[in-house]
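# Secondary and tertiary structure notes
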Amino acid sequence: MGDLGVLPDHLAPHTAAVDALGELIIGGMRVSELVRQYGSPLFIYDEDHLRTRMREATEGFGGGRVIYASKAFPSVAMARLISEEGLWWDAASQGELEAGLRGGVQPKRVILHGNNKSFDELRMAIDAKVGRIVVDSFDEIDRLDYLGGSASVWLRITPGIEAHTHAYVRTGQQDSKFGFNLANGDAHRAIARVKASSHLMLSGLHCHIGSQVFALGSFRDAIDVMVTLAKDEDVEELCIGGGFGVGYLRDERVPTIGEWTSWLREAFVAHGMRDQQTFIEPGRAIVAAAAVTVYTVGVIKEIPGVRTYVAVDGGMSDNPRPVLYGSGYEAFTSSRLFDPHDMTVALVGKHCESGDVLVREARLPTDLQVGELVMTPVTGAYGYAMGSNYNKLPRPAVVLVGHGQARLIARRETIDDLFRLEVDG
């Protein structure tokens with residue numbers, strides 16, 4: 001990467017570079033030029049970063065199957081990259097399933113998730129002949145029995161593993177809306193029901209203990225429990241889910257996706273599992289650091305002795321994670337990365353909410369001016385995907401950059417777009 005000035009390497013997209021004037025370049029494209037062409041706010045994704053992370057995951061996991069958790073960024077363009085790189089596609093809704101198919105992912109490489117799949121979603125998956133349906137409840141077994149189509153299924157198990165992460169993104173503990181509880185016997189009862197079905201084939205078991213998990217021991221504990229269950233019930237395939245932690249802050253150093261997948265493969269091998277039996281589902285770890293969001297500064301409000309607020313033209317509608325989870329981010333001026341960032345400010349959005357804070361203690365240049373571009377890195381996961389039109393704000397454009405070219409993969413919404421679903425009177 002070379003010298004990125006105040007931008008830490010581990011927060012930057014793979015092809016990030018800084019020119020002699022201190023301006024950020026991604027995929028051979030100057031950020032300021034991209035904003036001039038596509039407007040602000042703007043999501044900029046580094047194609048080389050995405051492909052590199054996919055390959056690192058695949059190589060680290062050996063012959064096992066890597067499934068991209070599409071909820072992190074479920075675009076058709078992303079599905080195209082997933083298909084080209086040979087990964088599988090994890091969909092948690094009819095829309096995510098459609099995105100994968102439109103992007104060219106082979107149906108046999110699609111996994112359908114969801115804790116409350118509708119008849120339409122299940123029917124679509126059966127008709128498309130997706131690779132696996134992850135069954136989450138007894139009601140879902142009833143729905144599949146009613147529909148009558150043949151399907152290869154995994155059963156989602158809650159293994160009782162307490163992942164050390166935010167309560168809202170823990171999913172493997174006994175008290176969970178997801179899956180069949182192992183401790184109370186539901187998992188064994190579900191396995192027996194599917195095995196007795198004349199049209200459902202039990203191909204494997206699945207679990208997911210949470211998101212932003214940094215402790216390898218939590219995954220090893222889950223593997224211990226799930227391998228034991230799979231062997232006891234004579235089930236062939238096992239997916240341990242995803243949730244590998246990603247660094248968002250200057251001082252957060254975490255394992256690479258290649259290190260994560262290599263460790264998990266070793267844990268499976270230690271239990272005698274063959275590569276072709278094992279699956280993982282990274283999402284955030286592939287896409288998070290691949291993107292930056294660029295904003296334009298609109299207001300600088302200094303309250304002496306209290307705080308300085310810097311308001312930008314986006315906010316919680318394009319990045320709800322700080323509001324939802326208290327998630328931390330960093331901020332930088334994308335055109336002055338060699339300048340000292342020594343003024344502490346609250347970087348806020350333009351929404352009518354006091355909680356619309358993107359970075360509570362952002363460090364920016366003391367001579368920051370209205371009209372300058374400010375970026376937040378590591379926004380490739382759960383930014384655009386979780387975005388909204390709150391306050392009737394149009395959603396930003398998304399561009400994919402590489403080798404000196406930019407490709408628009410999601411256009412900026414217009415005011416007319418905001419009203420296209422409304423029925424007057």
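Look up a bit, the structure's there.
Here the structure is a predicted model, which means the values were calculated and not measured. (Residues numbered from 1 in each chain as written. Predicted model: local features only at pLDDT ≥ 70, side-chain atom pairs only at ≥ 80, totals over all residues. Heavy atoms only, no water.)

### Structural notes on the overall build of the chain
Note the cut-off: Each helix corresponds to a stretch of at least 4 residues labelled H or I by DSSP, and each strand to a stretch of at least 2 residues labelled E; elements are numbered beginning at the N terminus. Radius of gyration here is computed from C-alpha atoms only, and the compact-globule reference equals 2.2 Å multiplied by the residue count raised to the power 0.38. The classification of residues rests on relative accessible area computed with a 1.4 Å probe and restricted to protein chains. Under 20% of the type maximum is buried, over 50% is exposed, and intermediate values are partly exposed. Any two residues having at least one pair of non-hydrogen atoms within 4.5 Å are treated as being in contact. Each accessible area is a Shrake-Rupley result for a 1.4 Å probe, and residues are judged covered by the shown protein chains and nothing else. For the charge count, each Lys or Arg is scored as positive and each Asp or Glu as negative, with His and the chain ends excluded. The atom standing in for a charge is NZ when the residue is Lys, CZ when it is Arg, CG when it is Asp and CD when it is Glu.
When its secondary structure is counted, the chain shows 12 helices and 21 strands. For 425 residues, the compact-globule formula gives about 22 Å, and the C-alpha radius of gyration of the chain, at 22 Å, lands near that figure. In terms of overall dimensions, the chain has a C-alpha envelope of 70 × 60 × 45 Å along the principal axes. Split into buried and exposed, the 425 residues of the chain put 56% on the buried side. Taking contacts inside the chain between residues at least 6 apart in sequence as the whole, the part at least 24 apart equals 67%. Total accessible area on the chain stands at roughly 17700 Å², and carbon and sulfur atoms take up 48% of it. If you average the places of the 42 positive and of the 55 negative side-chain charges in the chain, the two averages end up 3 Å apart.

### Here's the deal with the sheet that holds strand S2 (residues 24–26)
Using the following cut-off: Strand pairing is assigned whenever DSSP detects at least two bridges linking the two strands.
The strand order across the open sheet built from three strands is S1-S2-S3, with neighbouring strands paired in antiparallel fashion. The sheet is open, and its two edges are formed by strand S1 (17–18) and strand S3 (29–30), each paired on a single side. Looking at chain direction, S2 and S3 are connected through two bridges and run antiparallel. Bridge pairing links Ile-25 to Arg-30 in S3.

### Section: the layout of surface pockets
Stated formally: The rule is simple: put a 1 Å grid over the protein atoms alone, call a set of points where a 1.4 Å probe fits but cannot get out a cavity, call an open set with protein on both sides within 12 Å along at least five of seven lines a pocket, and count a residue as lining if it has an atom within 4 Å of a point. Grid points are joined across faces, edges and corners, and a volume is the space filled by probe spheres set on the points. Ten residues, namely Ala, Val, Leu, Ile, Met, Phe, Trp, Tyr, Cys and Pro, are considered nonpolar, four, namely Asp, Glu, Lys and Arg, are considered charged, and the remaining ones, Gly among them, are considered polar.
One number sums up the size of the second largest pocket: a volume of about 440 Å³. In this structure, the second largest pocket is lined by 22 residues; those nearest its centre are His-10, Arg-53, Val-254, Pro-255 and Thr-256. For the lining of the second largest pocket, the secondary structure elements donating two or more residues are helix H2 (47–60), helix H9 (257–270) and helix H10 (284–287). With three residues, the top contributor of residues to the lining of the second largest pocket is H2. Partitioned by chemical class, the residues of the lining of the second largest pocket number 10 nonpolar, six polar and six charged.

### Focus on the side chain of Arg-284
Cut-off, in case you're wondering: A pairing counts as a salt bridge when a side-chain nitrogen of Lys or Arg comes within 4 Å of a carboxyl oxygen of Asp or Glu.
Take Arg-284: it is sitting in helix H10. Despite its burial, Arg-284 pairs with no opposite charge, the nearest such side chain being Glu-252 at 9.6 Å. Those residues in contact with Arg-284 that sit more than four places away from it in its chain are Ala-72, Ser-211, Gln-212, Phe-244, Val-246, Tyr-248, Arg-321, Ala-381 and Tyr-382.

### What about a nonpolar patch on the surface?
Quick note on the threshold: Residues enter patches when their relative accessible area tops 30% and they take part in no salt bridge; the joining distance is 9 Å for like charges and 5 Å for the nonpolar side chains Val, Leu, Ile, Met, Phe, Trp and Tyr.
On the surface, a nonpolar cluster with roughly 260 Å² of combined accessible area is contributed by Ile-303, Val-306 and Tyr-309. Within the secondary structure layout, Val-306 lies in the loop between strand S14 (291–303) and strand S15 (307–312).

### Let's talk about the packing of aromatic side chains
By convention here, two paired aromatic rings are described through the distance between centres and the angle between planes. Operational definition: Two rings from Phe, Tyr or Trp (for Trp, the six-membered ring) form a pair when their centres sit within 6.5 Å of each other. Planes less than 30 degrees apart are called stacked, planes more than 60 degrees apart edge-to-face, and all others tilted.
In total, this model carries 14 aromatic pairs according to the counting rule given. With centroids separated by 6.1 Å and ring planes inclined at 75°, the aromatic side chains of Trp-260 and Trp-263 adopt a geometry described as edge-to-face. Of the two residues, Trp-260 and Trp-263 both sit in helix H9, three residues apart, roughly one turn of that helix. Using a relative accessible area of 30% as the deciding quantity, one classes Trp-263 as partly exposed.

### What about the nonpolar core?
Selection criterion: Residue types Ala, Val, Leu, Ile, Met, Phe, Trp, Tyr and Cys, when buried and joined through side-chain atoms within 4.5 Å, form a set referred to as a nonpolar core.
Counting 120 residues, the largest nonpolar core has Ile-44, Tyr-68, Met-78, Ile-133, Leu-155 and Leu-205 as its most contacted members. No other element matches helix H8 (residues 216–232), which puts eight residues into this core. Not counting residues up to four positions away in its chain, the partners in contact with Leu-205 are Trp-154, Leu-155, Ile-157, Ile-191, Met-226, Leu-229, Ala-230, Val-235, Glu-237, Leu-238 and Cys-239.

### Overview of the pairing of strand S5 (residues 65–69)
For clarity, the cut-off: Note on handedness: a clockwise path from strand one over the helix to strand two, with the strands aimed away from the viewer, defines a right-handed crossover.
Burial of S5 is extensive: four of the five residues sit out of reach of the surface. Pairing analysis gives two bridges linking S5 to strand S13 (residues 278–280), with the strands arranged parallel. Looking at S13, one finds that Val-66 is bridged to Ile-280. Of the strand pairs in this sheet, S5 and strand S6 (residues 88–91) are connected by three bridges, and their pairing is parallel. Bridge pairing in S6 places Ala-69 opposite Asp-90. As for the winding sense of the linkage, the β-α-β connection from S5 through helix H3 (residues 76–85) to S6 is right-handed.

### Section: unusual backbone geometry
The omega torsion across Ser-40 and Pro-41 is -5°, close enough to zero to call that bond cis. For Pro-41, the position within the fold is in the loop between helix H1 (31–38) and strand S4 (42–46). Notably, Asp-234 is not glycine yet its phi reads approximately 55°, a positive angle. Residue placement: Asp-234 occurs in the loop between H8 and strand S12 (237–239). Even without being glycine, Lys-392 reaches a positive phi, approximately 55°. Within the fold, Lys-392 resides in the loop between strand S19 (373–377) and strand S20 (397–402). Classification of Lys-392 by relative accessible area gives partly exposed; the value is 39%.

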